[in-house]
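Examination of the molecular architecture
Listed below are the residues making up each chain.
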Amino acid sequence: MSDYLTDLNAHYKAVRDRLSQKPPAPPASAPEPPEPVAPPPEPVAPPPPLPLKEYPMKGVFLPAEIKADIICVLRKFDMQWVDAISPRKTNKHLMIRAHIYAAVRHYGWSYQRIARLCGGRDHTSILNALQNLEKWGVEQ
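Residues numbered from 1 in each chain as written. Predicted model: local features only at pLDDT ≥ 70, side-chain atom pairs only at ≥ 80, totals over all residues. Heavy atoms only, no water.

A short note on unusual backbone geometry
- At Asp78, a position not held by glycine, the phi torsion is positive, near 55°.
- Judged by its relative accessible area of 48%, Asp78 falls in the partly exposed class. (Buried < 20%, exposed > 50% of the residue type's maximum accessible area, 1.4 Å probe, protein only.)

Some remarks on a nonpolar patch on the surface
- A contiguous nonpolar patch, built from Tyr4, Leu5 and Leu8 and spanning about 320 Å² of accessible area, is present on the exposed surface.
- Looking at the secondary structure, you find Leu8 in helix H1 (residues 3–20).
- The exposure class assigned to Leu8 is partly exposed, which follows from its relative accessible area of 41%. (Patch = residues over 30% accessible without salt bridge, like charges linked within 9 Å, V, L, I, M, F, W, Y side chains within 5 Å. Areas by Shrake-Rupley, 256 points an atom, 1.4 Å probe, with all protein chains shown as cover. Salt bridge = Lys/Arg side-chain N within 4 Å of Asp/Glu carboxyl O. Helix = DSSP H or I, 4+ residues; strand = E, 2+ residues; numbered from the N terminus.)

Considerations on the packing of helix H4 (residues 91–105) against helix H6 (residues 123–136)
- Contact pair H4 / H6: the axes reach a minimum separation of 9 Å and the direction vectors enclose 105°. Regarding the angle of H4 to H6, the classification is roughly perpendicular. For the pair H4 and H6, the contacting residues are Met95, Ala98, His99, Tyr101, Ala102 and Arg105 in the first and Ser125, Ile126, Ala129, Leu130, Leu133 and Trp136 in the second.
- Across the contact of H4 with H6, the residue classes tally to 9 nonpolar, 2 polar and 1 charged. (Axes fitted to C-alpha atoms, helices over the stretch in contact; angles between N-to-C directions. Parallel < 35°, antiparallel > 145°, perpendicular 65-115°, else oblique. Contact = heavy atoms within 4.5 Å. Nonpolar A, V, L, I, M, F, W, Y, C, P; charged D, E, K, R; others polar.)

Here is the structure:
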């Protein structure tokens, strides 16, 4: 036999001998009692959603009436300013941004100026959002 087969045969015999033996006898001393297990922690309720901050647009310098209109939109959708102008593209985010654009456009702002206000977007994003508001049948 080759060396490989000799080694394989020896390994097989060693495993067979080990498996055919009786299980080891339990220890002679008395078993120790198991340590007490701490109860699992009670489930914690998720925190309530964060209320709209008192100054949701802190640091944004706008005329008071425009800021008040935007804050009304934020409260209607229960969203913070930072979330509203984030790059997310969920329906909720698209809808709130479109409402904000419409509120600001009402005061005669250009698309470029609204785009700069809302996170440096392109002016065509504002135009598209306002057209979508009309498609959705939402009053501006």
